[in-house]
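# A structural walkthrough
So you can see what is in the structure, the chains are spelled out below.
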Amino acid sequence: RRKCECLMRFARRVARVRDVHRREAEAIHESVFARLDARRAEHERVDAVKEGAFDAACEDIAVAADEAKLEAAVDVAHQRLDDIELNYRDFNVAMGEIARSNPKSQSEAWEEYQRRLCLVM
């Protein structure tokens, strides 16, 4: 009977450690997706502003009164396109960093879980 009680207490402690680990792993996963969603929303907000600036530059091209103004308007439009491209590049880098943080965080959580299990034993 005593062995059975000891075994049950041990099993409960292991189950609690496992439940904590499962919740931590789920929280890490959810955090990554929340950060990805937030970064995408920010990118789309900034992109809309940059696209609007490009549209305005295109309108300036359409109404340019002479060759010099046309050239200046085209230069501005190219700059706005460069701004859009830079925003996409920054977005891709940021999303990659967020995505790469998940395996690292999960691995660290797994190592902590293993340490906790060792303490139970």
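One structure accompanies this document, and this report is about it. (Residues numbered from 1 in each chain as written. Predicted model: local features only at pLDDT ≥ 70, side-chain atom pairs only at ≥ 80, totals over all residues. Heavy atoms only, no water.)

## Structural notes on the side chain of N87
Filter applied, for reference: The way it works is that DSSP assigns letters per residue, a run of H or I at least four long becomes a helix, a run of E at least two long becomes a strand, and they are numbered from the N terminus. A contact between two residues is defined here by any heavy atoms of the two lying within 4.5 Å.
Checked against the element boundaries, N87 lands in helix α2 (residues 67-120). In this structure N87 touches H43, V46, D47 and K50, once residues within four positions along its chain are discounted.

## A look at the packing of helix α1 (residues 2-62) against α2
Our working definition: Every axis in this analysis is a line fitted to C-alpha atoms, fitted for helices over the stretch in contact. Angles between the N-to-C directions lie between 0 and 180 degrees. With respect to orientation, any angle under 35 degrees is reported as roughly parallel, any angle over 145 as roughly antiparallel, any angle of 65 to 115 as roughly perpendicular, and every other angle as oblique. Each residue is assigned to one of three groups, with Ala, Val, Leu, Ile, Met, Phe, Trp, Tyr, Cys and Pro labelled nonpolar, Asp, Glu, Lys and Arg labelled charged, and all others, Gly among them, labelled polar.
Taken N-terminus to C-terminus, the directions of α1 and α2 make an angle of 180 degrees; their axes are 9 Å apart at the nearest point. Our classification of the angle between α1 and α2 gives roughly antiparallel. The residue inventory of the contact of α1 with α2, partitioned by class, reads 31 nonpolar, eight polar and 14 charged.

## Details of the nonpolar core
Rules: Buried Ala, Val, Leu, Ile, Met, Phe, Trp, Tyr and Cys residues form a nonpolar core when they are joined through side-chain atoms within 4.5 Å. Think of it in three bands: with a 1.4 Å probe and only protein chains considered, a residue is buried below 20% of the maximum accessible area for its type, exposed above 50%, and partly exposed in between.
Counting five residues, the largest nonpolar core is built from V32, L36, F91, M95 and I98. Those elements giving two or more residues to this core turn out to be α1 and α2. Looking at this core element by element, the count peaks at three residues for α2.

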